[in-house]
Amino acid sequence: MRLIVRPDFDGLVCALYLKKIFRISAVAYSEPKDIQDGVFQVQPGDIIANLPYHPNCSWWFDHHASNEIPESFRGLFEIAPSAAGLIWKAYKDQFPKLQPFEYLTEQTDIIDGALLSKEDILNPQGYILLSMTVVPSHDLTDADYWDYLIDCLEVNDPHQILSDPIPAARVAKFLSGKKEFEDVLLRSSKMKGKVVLTDFLSVSSDDLSQNRFVVYALFPEAEVSITLTRMKDKQGLVKLNVAKSVLNRKSELHIGFILREFGGGGHSGAGSTRIEETRLPEILALLIDRFNQD
Ligand SMILES: [Mn+2]
C-alpha cells in the first residue's frame, strides 16, 4: 500500500505510526490543494493522512476542521491538534509498538496544534527544533530528507536525532537564518491597532522559510497578523496570509469567513487570499479596520 501525507512534521509522524499498522510500500507527499484539484493522482489502495479525503483512497486519517467529511470511509476523522495524535490514541492498544511514542505524540500535538509557548517559538528545543527543518515546499523537492526523518523518528530520542549529521545540518541552517529573519521581520512589520502588518513584498522568498509564529513572539500585543508576500509565478498579484496570534488569543473573529468576502478563505484561526497589487492599499485599509472591530 502507498501512503500519501502532507510533508509537515505531523505528516512525517503519521508515516512513522502508519508504517507500524499497515504494510506501507512507499510514502508519497502532496499539498492539500493538489489532492482537492486532482493534480495529485490518488490510486485505489492508497492511504491518505493529514490531507483532504479523496474518493479513490482506501483509508483516510485527518484532523482539519476545514476538510469535508465523506458519508462513509475507513479510517479516522476528528477535530484534534494533530493527525498523528489521533492515530496514536486509536491504535496504541492494538499495536503495542506504538506505545513508546507518547512523548513524540504530545510534542506533535503542540507543534501541529499551534500550542507553542513564547519560549518554544524564540528558543525551540528537541522535537520542536527538529520540526523547524520540515518546511512544506510547493515543488516537493525535499522528499529524500522527509523519508530520512521518518526513519530517524524511529530512534524515539530527540537529542540523538539532532546529533545525526543530516538533521543537524538543517538545524544549523535554520538557526543561522533565524536571527536574520527576526531582524527582517522587525523591519518589515508595523502595528495597526490590534493587527501586526508585515510587508515582505521587497524581501526575497528564500529568506522567508522560517518559523511563521515568530511574529507573535516579537509583537505580543498583536491579536491578528497580516503578511504580504509576492507570488512567484503571478505578476501583479499579492498574497495575503492572515492569522490569529497563537500567544495572544483574544480575537473571536472567523478569519476564513472574513477573507471569503475578499476572494479567499480559510478556517477560524487562519486563511489567505490573493489580490491585485493596485488594489492593495484600499483592501488593506478595509481589512485592518475589520480586524480592529470587536
Ligand atoms: Mn496536521
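Residues numbered from 1 in each chain as written. Predicted model: local features only at pLDDT ≥ 70, side-chain atom pairs only at ≥ 80, totals over all residues.

**Regarding the overall build of the protein**
Step number 1: Tallying secondary structure elements over the protein gives 12 helices and 11 strands in all.
Step number 2: A compact globule built from 294 residues should have a C-alpha radius of gyration of about 19 Å, and the protein, at 19 Å, falls within 12% of that.
Step number 3: Here the C-alpha coordinates of the protein stretch approximately 55 × 45 × 35 Å along the principal axes.
Step number 4: Expressed as a percentage of the 294 residues in the protein, the buried residues total 36%.
Step number 5: Sequence-distant contacts, at least 24 apart, represent 56% of the contacts inside the protein between residues at least 6 apart. (Helix = DSSP H or I, 4+ residues; strand = E, 2+ residues; numbered from the N terminus. Rg over C-alpha atoms; globule rule 2.2 N^0.38 Å. Buried ≥ 20, exposed ≤ 12 C-beta atoms within 10 Å, placed from the backbone. Contact = placed C-beta atoms within 7 Å.)

**Quick look at the sheet that holds strand S1 (residues 2–5)**
Step number 1: An order of S2-S1-S3-S4-S5 is seen for the 5 strands of this open sheet, with the pairing classed as parallel. Strands at the two margins of the open sheet, each flanked by one partner only, are strand S2 (26–29) and strand S5 (75–77). Adjacent strand axes in the sheet meet at a mean angle of 20 degrees when their direction is disregarded.
Step number 2: Bridge count for strand S4 (residues 59–62) against S5 is 3 bridges, and the pairing is parallel. Counterpart to Asp62 in the pairing with S5 is Phe77. (Pairing = 2+ DSSP bridges. Axes fitted to C-alpha atoms, helices over the stretch in contact; angles between N-to-C directions.)

**Some words on unusual backbone geometry**
With the exception of glycine, most residues fall at negative phi, and the peptide bonds are largely trans.
Step number 1: Residue Asn50 is not a glycine yet carries a positive backbone phi of 60 degrees.
Step number 2: Of note, Asn50 is situated in the loop between strand S3 (47–49) and S4.
Step number 3: The exposure class of Asn50 is buried, given the 28 C-beta atoms found within 10 Å.
Step number 4: Phi at Asn156 takes a positive value of approximately 65 degrees, unusual for a residue other than glycine.

**Regarding the nonpolar core**
Step number 1: Among the nonpolar cores identified, the biggest contains 68 residues, and Leu12, Cys14 and Ala49 are the most heavily contacted of them.
Step number 2: No other element matches helix H1 (residues 9–21), which puts 8 residues into this core.
Step number 3: Each of domain 1 (2–163) and domain 2 (183–292) accounts for three or more of the residues forming this core.
Step number 4: With residues near it in sequence (within four places) discarded, Ala49 still touches Leu3, Val5, Gly11, Cys14, Leu18, Phe61 and Ala83. (Core = buried A, V, L, I, M, F, W, Y, C linked by C-beta atoms within 7 Å. Domains from an automatic or database assignment.)

**So, the environment of Leu162**
Step number 1: Residue placement: Leu162 occurs in helix H8 (residues 158–162).
Step number 2: In this structure the C-alpha to C-alpha distance between Leu162 and Lys92, which are 70 residues apart in sequence, comes to 26 Å.
Step number 3: Those residues in contact with Leu162 that lie beyond four places of it in its chain are Leu129, Leu130, Pro167, Ala168 and Val171.

**Topic: the domain arrangement of the protein**
Step number 1: As far as domains go, the protein holds domain 1 (2–163) and domain 2 (183–292).
Step number 2: Of note, the centres of domain 1 and domain 2, computed from C-alpha atoms alone, are 26 Å apart.
Step number 3: At the junction of the two partners, domain 1 supplies 9 residues and domain 2 supplies 8 residues.
Step number 4: Classifying every residue of the side of domain 1 that touches domain 2 by side-chain character gives 7 nonpolar, 1 polar and 1 charged. (Nonpolar A, V, L, I, M, F, W, Y, C, P; charged D, E, K, R; others polar.)

**What to know about the sheet that holds strand S11 (residues 270–276)**
Step number 1: Strand order in the open sheet formed by 6 strands is S6-S7-S8-S9-S11-S10, and the pairing between neighbours is mixed. Only two strands of the sheet have a single neighbouring strand rather than two, namely strand S6 (189–192) and strand S10 (265–266).
Step number 2: Relative to strand S9 (residues 237–244), strand S8 (residues 224–230) runs antiparallel, the two being bridged by 7 bridges. By the bridge assignment, Thr229 is partnered in S9 with Lys239.
Step number 3: The strands that helix H12 (residues 280–292) touches are S6, strand S7 (195–199), S8, S9 and S11; relative to S7, the one it contacts most, it runs at about 155 degrees.

**Examining the packing of H1 against helix H7 (residues 143–153)**
Step number 1: Here H1 crosses H7 at 55 degrees, and the two axes come no closer than 9 Å. With respect to their mutual orientation, H1 and H7 come out oblique. Relative to H7, the crossing made by H1 is right-handed. Contact residues: Leu12, Val13, Ala15 and Leu16 in H1; Trp146, Leu149, Ile150 and Leu153 in H7.
Step number 2: Here the residues of the contact of H1 with H7 are counted per class, giving 8 nonpolar, no polar and no charged. (Parallel < 35°, antiparallel > 145°, perpendicular 65-115°, else oblique. Left-handed = near helix turned anticlockwise from the far one by under 90°.)

**Quick word on the pairing of S4**
Step number 1: Judged from the 3 bridges that link them, S3 and S4 form a sheet pairing that is parallel. Directly across from Ala49, in S4, lies its bridge partner Phe61.

**Points about the environment of His54**
Step number 1: Considering the arrangement of structural elements, one finds His54 in the loop between S3 and S4.
Step number 2: It is 19 Å that separates the C-alpha atoms of His54 and Gly266, two residues lying 212 residues apart in sequence.
Step number 3: Beyond its immediate stretch of four places on either side in the chain, His54 contacts Ile35, Val42 and Ile48.

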